[in-house]
Protein chains: 2
Amino acid sequence: MQTIKQSFKIEYNYSIFFTNNLFETANSQLSDFLNSYAEQGFQRKVLVVIDGGFLSHHPDLQDTIKNYFADQVKHIQLAKDIIVVPGGEASKNDPDLFEKLAQAVDIYGIDRHSFIVGIGGGAVLDLVGYAAAVSHRGIKLIRIPTTVLSQNDSGVGVKNGINFHGKKNFLGTFAPPVAVFNDLTYLKTLDDRDWRAGISEAIKVALIKDKSFFEWIEENTLALAQRDEAKMSYLIHRCAEMHTEHIGSGDPFEFGSSRPLDFGHWAAHKLEYLTDFEVRHGEAVAIGIALDCVYANKIGMLSDADLDRIYNVLVKLGFDLYHTKLAENDKVNLRNGLHEFREHLGGRLTIMLLEKIGKGVEVHEMDADIIAESVDVLEKYISEKRVLTAG
Amino acid sequence: MQTIKQSFKIEYNYSIFFTNNLFETANSQLSDFLNSYAEQGFQRKVLVVIDGGFLSHHPDLQDTIKNYFADQVKHIQLAKDIIVVPGGEASKNDPDLFEKLAQAVDIYGIDRHSFIVGIGGGAVLDLVGYAAAVSHRGIKLIRIPTTVLSQNDSGVGVKNGINFHGKKNFLGTFAPPVAVFNDLTYLKTLDDRDWRAGISEAIKVALIKDKSFFEWIEENTLALAQRDEAKMSYLIHRCAEMHTEHIGSGDPFEFGSSRPLDFGHWAAHKLEYLTDFEVRHGEAVAIGIALDCVYANKIGMLSDADLDRIYNVLVKLGFDLYHTKLAENDKVNLRNGLHEFREHLGGRLTIMLLEKIGKGVEVHEMDADIIAESVDVLEKYISEKRVLTAG
């Protein structure tokens, strides 16, 4: 009998809004968005989930949100309770939290035309996004990222995930949000580590795609390190824009093997795991970028001058570019790291390296000895407290 | 700062193949498909998961599959073990089975470019599809449905799901397979109930979309009841074709409220639950169709003549069109059923009713009293052992 052929396309659209004081009554950005969904004949609802770490710096947030909905959001009903989950990677390791969110969807009657609003750092947004994506086969997700990292990178993308038996993001989906609201005032309460950590994703995307953006970061290294909010706003906007463009114009759901935005990430993932997530994602990415740049330099791909510029920017921002865990059994650990990275992504091992600032190039193998030598170079730089000079 | 707008489309393509004796060495349909994916530079793998109920009728299947892969599939590696899960709705109720499949993905190193092959009835395929969809953010799924119902309906579609705290399909995703292989020889070992049950989905799609297909079923009622395999092949192919066309030309991931393919399903879901799944899905759908047709007749929408024809076809096929659980607290249960149906689908309550054979029409409310009267009518028909005559 004749084969039946199925073919269709699914279109996704969403906006990333930039704002200040999102839940102030005078700010109608979120309420305008929600009210535009009001529809005769049924009641849409909103379930809000907040990162407990963020909440500790914003103790009035739950009341503020309830007041905002009472005043501003006329036709969409806020669920009676706001859910709080612990912040950081811990939220992705605990299967009970996923269970708790799925149960909340059930208890508060959140259906596929209702919304889940996640407020917090990247890890919490990953957890909330996953719970939203699989409950009732997908509830509309609004992300309100509260860190540099989530505002310029993970929070504006299309992925979610939780860990499973120690494997990072083992369970997850590709599920675009319906909107992202980046509130720049939320960055004020970040500690210095989290303020800094997210900058590494901007450096990453600049290095592989946009030399002029890297040069802007280079010129503004000191201001960024000193918490200049206007500069940080620009950095986040430009990074989010490049991240978004890359996803939309490429392979959003990663059917192929190529993952250029994972530049610097293979070693980062392993280092996070080896340090039990004491090293935060953005910090690990900074080390991963440094390691892969030293490697690229060692194999004759990246010039000394470019390596120096990259290394200097990272150091001046305050990143530690070496960790003792990198050197412990480094060949075994890092080889396993490459293997796990490939397995999670699937397909052929594909690693982005730098040819020069602004231009990445993909390779399909890395030499374990040269990786180990690159680790040694990073250690040596640190022990010398080296700030490199070009050439 | 300027809002960033994201927009992209994801394209999905897959084929539904019809075959006999899929795993006979001479049959290259599956091996051709798999071998076409072979690619230099990495090893794709296949993890096979089989429905234990189906396996009990095909005790040699595991060996047959291993031989088939050894002989026919040169560049894709079969995982060393084949996973067996219990058949039927039980497989969707037990969270440990989902866990078992996710662990198997990890143990056997199944990555996003590898395949999971699910072999079994609709419930097992829903479970396997869900595990495949969320492991590593989506492993390629091949469905090999083994029942009439899964070959003509659920197995050719884009959904998966498991139950959660007694809520049917509470956890799930929209995730198209990469291929479906309908082996018609597998129908031989179905018991009479499962042979019959799947026909209700064909009647459903015929009633709302294609009068001539309904008339074909009407003409072949006796042959179908007597297990005529050629007729059943035609029925499955036509039903799968209509199901596929409907999905591809409409709203595949159900962003809107309309779900015409759920004609007859709201009461069916509730009845399955009330009978602890003793009434099988297709059997419940037959009752659901009958109930909604009596209802449509009572409100003056469907003619007596059309109601009689529909009722007669269902009865002659051997469906029981009444269940005592329907009448127990019927107003409360069925009103809850409507409510749960709306909540799972989200949006406005939208129920497909019949205007005439071949033409469905959506309504947004149903009257609980008239539903209860419709249940009474079904009971009366049964107690009279009524086979209706037109008019």
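Conventions and cut-offs
- Residues numbered from 1 in each chain as written.
- Chains lettered and ligands numbered in written order.
- Predicted model: local features only at pLDDT ≥ 70, side-chain atom pairs only at ≥ 80, totals over all residues.
- Heavy atoms only, no water.
- Helix = DSSP H or I, 4+ residues; strand = E, 2+ residues; numbered from the N terminus.
- Rg over C-alpha atoms; globule rule 2.2 N^0.38 Å.
- Buried < 20%, exposed > 50% of the residue type's maximum accessible area, 1.4 Å probe, protein only.
- Contact = heavy atoms within 4.5 Å.
- Areas by Shrake-Rupley, 256 points an atom, 1.4 Å probe, with all protein chains shown as cover.
- Least-squares fit on C-alpha atoms with pLDDT ≥ 70 in both.
- Buried area = accessible area lost by both parts, 1.4 Å probe.
- Salt bridge = Lys/Arg side-chain N within 4 Å of Asp/Glu carboxyl O.
- Polar contact = N/O pair within 3.5 Å; in protein donor to acceptor, adjacent residues only side chain to side chain.
- Phe/Tyr/Trp six-rings, centres within 6.5 Å; stacked < 30°, edge-to-face > 60°.
- Domains from an automatic or database assignment.
- Nonpolar A, V, L, I, M, F, W, Y, C, P; charged D, E, K, R; others polar.
- UniProt positions renumbered as here; feature names shortened; annotations may be inferred.
- Pairing = 2+ DSSP bridges.
- Arc of directions from axis to C-beta.
- Axes fitted to C-alpha atoms, helices over the stretch in contact; angles between N-to-C directions.
- Parallel < 35°, antiparallel > 145°, perpendicular 65-115°, else oblique.
- Left-handed = near helix turned anticlockwise from the far one by under 90°.

What follows covers the overall build of chain A. A count of helices and strands for chain A gives 18 helices and 11 strands. Computed over its C-alpha atoms, the radius of gyration of chain A comes to 21 Å, within 12% of the 21 Å expected for a compact globule of 391 residues. Each principal axis of the C-alpha atoms in chain A carries an extent, and together these give about 65 × 65 × 35 Å. The buried share of chain A, reckoned over its 391 residues, is 62%. Long-range pairs, those at least 24 residues apart, make up 77% of the contacts in chain A between residues at least 6 apart in sequence. Per element, the accessible surface of chain A, about 14,500 Å² overall, is 47% carbon and sulfur.

Once that is clear, we can look at the relation of the copies chain A and chain B. At an RMSD of 0.0 Å, chain A and chain B line up after a rotation of 180° and a shift of 0.0 Å along the axis. What the superposition gives is, in effect, a two-fold axis relating one chain to the other. By C-alpha distance to the rotation axis, the residue of chain A lying nearest is Ile10 of chain A, at 2.6 Å. Most of the interface of chain A is mirrored in chain B, where 100% of its interface residues are also at the interface.

This part takes up the interface of chain A and chain B. Across the contact, 72 residues belong to chain A and 72 residues belong to chain B. The junction of chain A with chain B conceals about 6,800 Å² of combined surface from both sides, 57% of it contributed by carbon and sulfur atoms. Looking only at chain A, the three residues that lose the most surface to chain B are Ile4, Gln6 and Arg137 of chain A, adding up to 14% of its buried area. The interface formed by chain A and chain B contains four salt bridges. Across the pair Asp106 of chain B and Lys167 of chain A runs a salt bridge whose closest N-O atoms are separated by 2.7 Å. For the pair chain A and chain B, the interface holds 35 residue pairs in polar contact (both at pLDDT 80 or more).

Under the criterion given, the structure shown has 40 aromatic pairs over all chains. Centre to centre, the rings of Phe253 of chain A and Phe8 of chain B are 6.0 Å apart; their planes meet at 80°, and the pair counts as edge-to-face. You can see Phe253 of chain A sitting in the loop between helix H12 (229-249) and helix H13 (265-274) and its partner Phe8 of chain B sitting in strand S1 (residues 4-19), one on each of two chains. With relative accessibility at 4%, the residue Phe8 of chain B sits in the buried group. Ring geometry for Phe23 of chain B against Tyr68 of chain B: centres 5.5 Å apart, planes inclined by 90°, an arrangement best described as edge-to-face. With Phe23 of chain B in the loop between S1 and helix H1 (29-35) and Tyr68 of chain B in helix H3 (residues 61-72), this residue pair connects regions lying 45 residues apart in the sequence. Phe23 of chain B gets classed as buried once you look at its relative accessible area, which sits at 6%. The buried category is assigned to Tyr68 of chain B, whose relative accessible area is 0%. Through a chain of ring-to-ring contacts, the aromatic side chains of Phe8, Tyr12, Phe174, Phe253 and Phe255 of chain A together with Phe8, Tyr12, Phe174, Phe253 and Phe255 of chain B assemble into a single cluster.

Glancing now at the domain arrangement of chain A. Residues and elements named next belong to chain A. Here the domain parsing of chain A yields domain 1 (15-189) and domain 2 (192-383). Each partner contributes to the interface: domain 1 provides 23 residues, whereas domain 2 provides 30 residues. Across the domain 1-domain 2 interface, the total number found is four salt bridges. In this structure, Glu272 engages Lys168 in a salt bridge whose closest nitrogen and oxygen atoms are separated by 3.5 Å. Where domain 1 packs against domain 2, one counts eight residue pairs in polar contact (both at pLDDT 80 or more). Secondary structure elements with two or more residues in the side of domain 1 that touches domain 2: strand S1 (4-19), helix H7 (148-152) and strand S8 (167-171). Ranked by the residues each element gives to the side of domain 1 that touches domain 2, the list is headed by H7, at four residues. A per-class count over the side of domain 1 that touches domain 2 returns 11 nonpolar, seven polar and five charged.

Once their charged atoms are close, side chains differing in charge can pair, the charge on each being opposite to the other. Residues and elements named next belong to chain A. The tally for this structure, following the rule as stated, stands at 52 salt bridges over all chains. Its salt-bridge partner being Asp194, residue Arg280 comes within 3.2 Å of it at the nearest N-O pair. Separated by 86 residues along the polypeptide, Arg280 in the loop between H13 and helix H14 (281-298) and Asp194 in helix H8 (residues 192-197) bring together distant segments of the chain. Owing to a relative accessible area of 25%, Arg280 belongs among the partly exposed residues under this scheme. Taken together, the shared-partner salt bridges in this structure form one network comprising Lys159, Glu254, Arg259 and Asp262.

Now for the UniProt feature "domain: 3-dehydroquinate synthase N-terminal" (unreviewed entry) in chain A. Under the local residue numbering, the UniProt record ascribes the feature "domain: 3-dehydroquinate synthase N-terminal" (unreviewed entry) to residues 83-196 of chain A. Note that residues 83-196 of chain A is 35% helix and 25% strand, and that its end C-alpha atoms are spaced 28 Å apart.

Residue and element names in this part refer to chain B. In this sheet, strand S8 (residues 167-171) lies alongside strand S7 (residues 162-164) in antiparallel orientation, the contact comprising two bridges. When the sheet's bridge partners are listed, Ile162 is paired in S8 with Leu171. The antiparallel pairing of S7 with S8 creates a hairpin that spans two residues between the two strands, and His165 there sits at a positive phi of about 50°.

All names here are of chain B. Turning to its location among the elements, Glu272 is positioned in helix H13 (residues 265-274). Overall, the relative accessible area of 1% leaves Glu272 in the buried class. In this view, Glu272 contacts Lys168, Phe277, Val279, His281 and Ala284; residues no more than four positions away in its chain are not counted.

Turning to helix H10 (residues 211-219) of chain A, a few remarks are in order. Residue and element names in this part refer to chain A. Of all the positions in H10, only Phe213, Phe214, Trp216 and Ile217 are classed as buried. Take H10 and look down its axis: the buried residues cluster within an arc of 155°, on one side only. Check the buried side of H10 and you find it contacts helix H9 (199-209), helix H11 (221-225), H12 and helix H15 (304-317).

Let us now look at the packing of H10 of chain A against H15 of chain A. Residues and elements named next belong to chain A. Packing of H10 against H15 brings their axes to within 10 Å, and their N-to-C directions diverge by 45°. Considering their axes alone, H10 and H15 lie oblique with respect to each other. Here H10 and H15 pass one another in a crossing that is left-handed. Residue-level contacts link Lys211, Phe214, Glu215, Ile217 and Glu218 of H10 to Arg309, Ile310 and Val313 of H15. Within the contact of H10 with H15, the residues separate by chemical class into four nonpolar, no polar and four charged.

So, on to the packing of H10 of chain A against H12 of chain A. All names here are of chain A. The interhelical angle for the contact between H10 and H12, taken along N-to-C directions, is 160°, at an axis separation of 12 Å. It follows that H10 is roughly antiparallel to H12 by the angle criterion. Seen along the crossing, H10 lies across H12 with a hand that is left-handed. Here Phe213, Trp216 and Ile217 of H10 come into contact with H12, specifically with Lys231, Tyr234, Leu235, Arg238, Cys239 and Met242. Here the contact of H10 with H12 is built from residues that sort into seven nonpolar, no polar and two charged.

Before going further, it helps to spend a moment on the environment of Gly288 of chain A. Residues and elements named next belong to chain A. Looking at the secondary structure, you find Gly288 in helix H14. For the pair Gly288 and Ser200, spaced 88 residues apart in sequence, the C-alpha separation works out to 9.8 Å. The contact partners of Gly288, leaving out residues within four places of it in the chain, are Gly264 and Ala267.

Below, the discussion takes up the UniProt feature "domain: 3-dehydroquinate synthase C-terminal" (unreviewed entry) in chain A. UniProt annotation of "domain: 3-dehydroquinate synthase C-terminal" (unreviewed entry) refers to residues 198-326 of chain A when read in the numbering used here. Between the end C-alpha atoms of residues 198-326 of chain A there is a gap of 21 Å, over a span that is 71% helix and 0% strand.

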